[in-house]
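Read off the chains here:
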Amino acid sequence: MSVLFSAYRIGTLTLENRFIRSATHEYMASEDGFVTDQMLHFYQRLARGRIGLIIPGFAYIHPRGKSSPRQAAIYDDRFIPGYEQLVDVIHREGGKVALQIVHGGRQCEPEQCGGMPLAPSAVEDPAVGLVPQALTEQEILEIKEPFVRAAERVRRAGFDAVQLHCAHGYLLSEFISPHTNRRTDKWGGSTENRTRLIVEIVREIRHVLGRDYPVLIKLNSEDGLKRGGLTPRESVKVARLIAEAGIDAIEVSGGIREAGAVAARLNVLSPEKEAYFRKAAAKIKATTGLPVVLVGGIRSRSVMESLISGGTADFISMSRPFIREPDLVVKMQDQNKQVADCISCNGCFDPNGIRCALITDQETKV
Ligand SMILES: Cc1cc2nc3c(=O)[nH]c(=O)nc-3n(C[C@H](O)[C@H](O)[C@H](O)COP(=O)(O)O)c2cc1C
Ligand code: SF4
């Protein structure tokens with residue numbers, strides 16, 4: 001049997017295979033952040049695809065951290081019943097599900113977050129020409145609580161795990177980046193200082209949820225900037241600090257908005273172009289000893305198997321291939337399919353609900 005279909009653990013959680021659906025904003029929540037029937041339908045289909053762990057798109061932990069239209073919210077107890085339904089739909093199909101929680105920080109659209117975007121420092125984002133508002137020390141302290149309360153709600157709603165979004169240029173990834181974090185107090189400067197907020201949030205989540213509840217992190221291994229951003233070398237140090245704070249697994253990604261298509265690279269059409277964060281993943285795995293989830297342009301079975309057998313990663317995480325083929329794992333397992341059909345064109349970002357632009361009859365509506 002291929003290693004891809006062997007069970008493996010993340011903390012107390014056993015996944016039946018090595019496939020993870022990386023968090024993907026579906027643009028399917030209601031405008032005020034509630035789970036909709038469209039979302040339930042979408043995830044039911046995905047859950048029938050035998051993916052070891054499904055991670056829905058980023059749920060915002062505070063109204064000032066909402067970055068995108070039709071994004072799901074988790075800042076209040078009133079959102080829990082919708083998530084209970086979502087968890088139920090996935091569990092009934094035999095799937096497992098974790099929720100990714102986020103504060104959008106500097107990458108929020110002002111009309112979504114109700115004011116100037118918040119960030120560690122007032123560094124202009126050339127992608128949109130906006131200078132965010134730098135958080136005061138008091139505001140940094142106050143941001144920890146909504147993350148912890150959101151993680152508690154994730155558990156109460158019945159999710160199998162929670163994932164902290166510390167990648168792609170959103171607030172927590174802005175703190176670890178020397179480009180977006182220019183602070184001179186204890187939250188900026190050294191790697192330890194820039195990682196402090198994440199470390200404190202992880203410790204507080206652990207304190208509240210206990211040792212046994214699986215807590216994952218999606219972490220940037222680089223910002224993808226030519227100069228001045230987080231580098232793969234520094235990300236290994238960051239990962240070690242976060243691992244010591246008590247995380248169960250690290251999903252390795254990269255990129256911030258202003259660097260362009262770094263996280264979801266275009267035209268990944270040959271095995272050599274696949275798994276573009278693999279070097280950092282191998283170092284993070286060797287340094288932390290934690291299960292590593294690798295995401296970013298993984299498309300073919302031979303690459304997947306060599307990543308796991310060669311000790312680069314423990315889990316294969318994908319986003320776009322599962323938009324095009326929600327049943328990709330079933331096809332790989334039952335029909336020996338070798339390569340995902342996705343051509344990495346990024347035509348799937350659709351404000352009415354993600355869908356593969358190359359498939360005309362794809363169901364995304366109820
Ligand atoms: C439509 C779309 C929405 C995404 N939303 C999220 C998100 O909410 N959270 C996140 O961590 N990454 C998000 N991503 C990035 C993916 O999870 C993944 O890291 C990236 O697409 C690379 O993996 P892939 O090559 O398998 O698509 C999104 C990607 C796409 C295409
Ligand atoms: S539009 Fe379809 S083929 Fe293009 S990246 Fe998205 S899922 Fe893949």
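Further up the page is the structure itself.
Residues numbered from 1 in each chain as written. Chains lettered and ligands numbered in written order. Predicted model: local features only at pLDDT ≥ 70, side-chain atom pairs only at ≥ 80, totals over all residues.

Visitor: Please give an account of the overall build of the protein that cites residues and values.
Guide: When you go through the protein residue by residue, the secondary structure sums to 11 helices and 13 strands. For the protein, whose C-alpha radius of gyration is 19 Å, the value lies close to the compact-globule estimate of 21 Å for 366 residues. Considered along the principal axes of its C-alpha atoms, the protein spans approximately 55 × 40 × 40 Å. The proportion of buried residues among the 366 residues of the protein is 52%. Intrachain contacts of the protein at a sequence separation of at least 6 include 72% that bridge at least 24 residues. (Helix = DSSP H or I, 4+ residues; strand = E, 2+ residues; numbered from the N terminus. Rg over C-alpha atoms; globule rule 2.2 N^0.38 Å. Buried ≥ 20, exposed ≤ 12 C-beta atoms within 10 Å, placed from the backbone. Contact = placed C-beta atoms within 7 Å.)

Visitor: Describe the site of ligand 2, with residues and values.
Guide: Around ligand 2 sit 13 residues, and of these C342, C345, G347, C348 and C356 come closest. Of the residues that constitute the shell around ligand 2, the class distribution is 8 nonpolar, 3 polar and 2 charged. (Near = placed C-beta within 6 Å. Nonpolar A, V, L, I, M, F, W, Y, C, P; charged D, E, K, R; others polar.)

Visitor: Please give an account of helix α4 (residues 137-156) that cites residues and values.
Guide: Between the first and last C-alpha of α4 there are 30 Å, a value that for 20 residues agrees with the 28 Å anticipated at 1.5 Å per step. Every buried residue of α4 is listed here: I140, I143, P146, F147, A150, A151, R153 and V154. Taken around the axis of α4, the buried residues stretch over an arc of 155°, which confines them to a single face. Opposite its buried face, α4 presents the exposed residues E137, Q138, E142 and R156, each directed more than 90 degrees away. Looking at the packing, one finds that the buried side of α4 touches α2 (80-92), β6 (98-102), β9 (161-166) and α6 (191-209). Of the residues flanking the end of α4, it is G158, one or two places downstream, whose phi is positive at about 100°. (Expected span 1.5 Å × (residues − 1). Arc of directions from axis to C-beta.)

Visitor: I'd like to hear about the pairing of β6, residue by residue, with values.
Guide: Most of β6 is tucked away: 5 of the 5 residues are buried. Side chains A98, Q100 and V102 of β6 all project onto a buried face; the interleaved residues L99 and I101 project onto the opposite face, where all are buried too. The pairing of strand β5 (residues 59-60) with β6 spans 2 bridges and is parallel. Within β6, the residue paired with A59 across the bridge is I101. (Pairing = 2+ DSSP bridges.)

Visitor: Please give an account of the nonpolar core that cites residues and values.
Guide: Counting 108 residues, the largest nonpolar core has I74, I101, I250, V252, L294 and I316 as its most contacted members. Ranked by residues supplied to this core, first place goes to α4 with 6 residues. (Core = buried A, V, L, I, M, F, W, Y, C linked by C-beta atoms within 7 Å.)

Visitor: Can you explain the packing of α4 against α6? Please cite residues and give values.
Guide: One way to put it is that α4 packs onto α6 with a least axis distance of 9 Å and a crossing angle of 40°. Considered as vectors, α4 and α6 are oriented oblique to each other. For the pair α4 and α6, the sense of crossing is right-handed. Note on element contacts: α6 touches α4 through L197, E200, I201, E204, I205, V208 and L209, opposite I140, K144, F147, V148, A151, E152 and R155. In the contact of α4 with α6, the residues fall into 9 nonpolar, no polar and 5 charged. (Axes fitted to C-alpha atoms, helices over the stretch in contact; angles between N-to-C directions. Parallel < 35°, antiparallel > 145°, perpendicular 65-115°, else oblique. Left-handed = near helix turned anticlockwise from the far one by under 90°.)

Visitor: Please provide a residue-by-residue account of the site of ligand 1, values included.
Guide: In the vicinity of ligand 1, 24 residues are found, and the nearest of them are S22, H25, A264, S319 and R320. Those elements that place two or more of their residues in the shell around ligand 1 are β3 (19-24) and α10 (320-324). Among the elements that take part in the shell around ligand 1, β3 stands out by supplying 3 residues, more than any other. Of the residues assigned to the shell around ligand 1, the class counts are 11 nonpolar, 11 polar and 2 charged.

Visitor: I'd like to hear about the sheet that holds β9, residue by residue, with values.
Guide: Strands in a sheet are paired, the pairing made by backbone hydrogen bonds, and the direction either parallel or antiparallel. Spatially, 9 strands are ordered β4-β3-β13-β12-β11-β10-β9-β6-β5 in an open sheet, and the strand pairing comes out parallel. Every interior strand has two partners, whereas the edge strands, β4 (53-56) and β5, have only one. Pairing of β3 with β4, which is carried by 3 bridges, proceeds in the parallel orientation. Within the sheet, the bridge partner assigned to T24 lies in β4 and is P56. Together, β10 (215-220) and β11 (249-253) form the strand contacts of helix α7 (residues 232-246), whose direction differs from that of β10 by roughly 165°.

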